[in-house]
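# Inside the fold
Below, each chain spelled out in residue letters.
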Amino acid sequence: MTPAARILLDGRDITANLIPAPFGLPLEGGGHVIPGGALGFGKGPLLSLTVQDNEGKKSDSCELELDNREYIPSPGKGSKLQVSLGFVETGVNYMGTFLIDSWTKKGRPKIMSVTAKAAGLTTEIKAPKSRSYHEKSVQEIVQYIAGRNGLGAIVNGEVGGIKIDHLDQSSESDLNFLTRLASRVGANFKLADEKVIFNKAGSGSLPSGGAAPSFMLTETGQTEWDCTGSTRGDYNSVEAAWHNVKKGEREWVKEGGGSPVYRSRKLFKTKEEAEAQAKATKGALARGKKVFAATFPGRTEMFAGAGLTAVGFDPDCDGSYIIKSATHRLNDQGLTTRISCETSGEGNDDFWGGEGGQ
């Protein structure tokens, strides 16, 4: 198939500047066709375009690599990039809005690299602030912080309903505080398209609560892949403690059943917070049992947080996963996608004389 792209800078379509005619041909609905192989590349400034989508904590990013043998002025920091990628035959998918963060020029050959981070990752959200949150829900806290940074908020209902007894933000950036809050309640926090997004970690659901799509990936001989199993997370249950003020004593909550048991060292103020932490820790430990990564011809519809079913790779590696990151790269070799996934993973392996496949 024929790769296609659309790139806007502060609302202005600059695709033709990066891949000039006749090597870049107008695409219906906006954007430019990028002929395969070296025909389109090397005839214009664009050498490569990479978009990375992450499930949580690490912000989404975009990077352009440009041929700078003929002088190209450096872009203004904070300029807004909007990127769509795909194929002529199937159409392009919107990949996100990014704010230009930095540029680098080097030689020889003369090349300029431009990096952009998810829109919303501003100086203001990284500045130290102080505030206390008392008897507030996660939904209320996230909406308040998003609002004071001029951002929207999308919060998973299950996560958003968790009540926080008391939490202090002391000379701490909103970025770090939200990351800490997400870890506390078993959520993934990310910035994307000028929104603060809080989703339940590894849930396979969208932040809005609906089920995330699940994609199938089949071994076709065009895929580079690897899969690693680990004994990390071999706990059948997790316990977390909270302080019962009325009784004046510590009490424990448990997620799962049986041994071995993982015990959280932190003492929580409410039973609800302890339960949320136990559940989050159990999920995080389980998700570390098996990881799968693959690179294949571009599938820009895949995104972090969606499900993946791997088929035909290896009996120990086939199965269901959650996509942790999806990296889409366009260069003179065409359009490729690389995904990194994780799952709890279970199976049998009689060759080793016992349970395996993890």
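In every chain, residue numbers begin from 1 and rise along the written sequence. The predicted nature of this model means local features are confined to residues of pLDDT at least 70 and side-chain atom pairs, given and counted, to a pLDDT of 80 or more, with totals for whole chains, interfaces and linings taken over all residues. Remark: hydrogens and water are excluded; side-chain values derive from all non-hydrogen atoms of the structure.

## What about the side chain of S173?
- The numbering of helices and of strands both runs from the N terminus, where a helix is a DSSP run of H or I of at least 4 residues and a strand a run of E of at least 2. Along the chain, S173 falls in strand β12 (residues 163-173).
- Any N or O atom pair separated by 3.5 Å or less is treated as a polar contact, with the protein-specific requirement of one donor-capable and one acceptor-capable atom, and with residues adjacent in sequence counted only for side-chain atom pairs. Of the polar contacts made by the side chain of S173, one reaches the backbone nitrogen of N176; its length is 3.0 Å.
- Leaving out residues up to four positions away in the same chain, S173 has contacts with I125, K126, A127, P128 and K129. By definition, residues are in contact when any of their heavy atoms lie within 4.5 Å.

## What about the sheet that holds strand β11 (residues 152-155)?
- Only strands that DSSP links by at least two bridges are regarded as paired with each other. If you trace the 3 strands from one edge of the open sheet to the other, you get β11-β14-β13, paired in mixed fashion. The open sheet terminates on both sides in strands that have one partner only, identified here as β11 and β13 (187-192). Pairs of neighbouring strands in the sheet enclose a mean axial angle of 15 degrees, with direction left out of account.
- Packed on one face of the sheet, helix α2 (residues 138-148) meets β11 and β14 (195-200) and runs near 160 degrees to β11. Interaxial angles span 0 to 180 degrees and are taken between N-to-C directions of axes, which are lines fitted to C-alpha atoms, for helices over the stretch in contact.

## Quick look at unusual backbone geometry
- For the peptide bond that leads from G107 to R108, omega is -15 degrees, which places it in the cis range.
- Note on placement: R108 falls in the loop between β8 (91-106) and β9 (111-118).
- Following R108, the chain continues into P109 via a peptide bond in cis, with omega recorded as 0 degrees.
- With respect to the helices and strands, P109 occurs in the loop between β8 and β9.
- Residue E135 is not a glycine yet carries a positive backbone phi of 50 degrees.

## A few points about the confidence of the model for the protein chain
- pLDDT runs from 0 to 100 and stands for how confident the predictor is about each residue. In the predicted model, the protein chain carries a mean pLDDT of 81, and the fraction of residues at 70 or more is 85%.
- Confidence over residues 35-40 falls short of pLDDT 50; this stretch has 9 contacts with residues more than four positions distant or in other chains.

## Section: the sheet that holds strand β19 (residues 261-268)
- Judged by pairing direction, the sheet is mixed, and its 3 strands sit side by side in the order β18-β17-β19 without closing on themselves. Of all the strands in the sheet, the pair left with one neighbour each is β18 (249-256) and β19. Neighbour-to-neighbour, the strand axes of the sheet open up by a mean angle of 25 degrees, direction not taken into account.
- The sheet contact formed by strand β17 (residues 237-244) and β19 spans 5 bridges and is parallel. Along β19, the bridge assignment pairs W242 with F268.

## Remarks on the packing of α2 against helix α4 (residues 174-185)
- Interaxial distance between α2 and α4 falls to 11 Å at its minimum, and their mutual angle equals 165 degrees. Between α2 and α4, the crossing angle belongs to the class labelled roughly antiparallel. For α2 against α4, the interelement crossing comes out left-handed. Note on element contacts: α4 touches α2 through D174, F177, L178, L181 and V185, opposite V138, I141, V142, I145 and R148.
- Just so you know the grouping, Ala, Val, Leu, Ile, Met, Phe, Trp, Tyr, Cys and Pro go in nonpolar, Asp, Glu, Lys and Arg go in charged, and all remaining residues, Gly too, go in polar. Taken together, the residues of the contact of α2 with α4 sort by class into 8 nonpolar, no polar and 2 charged. Orientation labels follow simple angle bins: below 35 degrees gives roughly parallel, above 145 gives roughly antiparallel, 65 to 115 gives roughly perpendicular, and whatever is left gives oblique. Should the near helix be turned counterclockwise from the far one by less than a right angle, the crossing is left-handed, whereas a clockwise turn marks it as right-handed.

## Side note on α2
- For α2, the set of buried residues is V138, I141, V142, I145 and A146. Buried positions in α2, seen along its axis, are confined to an arc of 125 degrees and lie on one side of it.
- Where α2 is buried, its residues contact β10 (128-137), β11, α3 (157-160), β12, α4 and β14.
- Downstream of α2 by one or two residues, G150 has phi in the positive range, about 70 degrees. Note on classification: 1.4 Å probe, protein chains only; a residue is buried when its accessible area is under 20% of the maximum for its type, exposed when over 50%, partly exposed between these limits. Directions are taken from the helix axis to each C-beta atom, and the arc is the one they span.

## Examining the nonpolar core
- Counting 26 residues, the largest nonpolar core has V138, V142, L181, L191, V196 and F198 as the members making the most contacts within it.
- Of all the secondary-structure elements, those providing two or more residues to this core are α2, β12, α4, β13 and β14.
- Those residues within four positions of V138 in sequence are excluded, and the remaining contacts are V159, G160, I162, I164, L181, V185 and F198.
- Definition used in this section: a nonpolar core is a set of buried Ala, Val, Leu, Ile, Met, Phe, Trp, Tyr and Cys residues joined via side-chain atoms within 4.5 Å. Within the second largest apolar cluster, 25 residues are counted, among which are A5, L9, L81 and F87.

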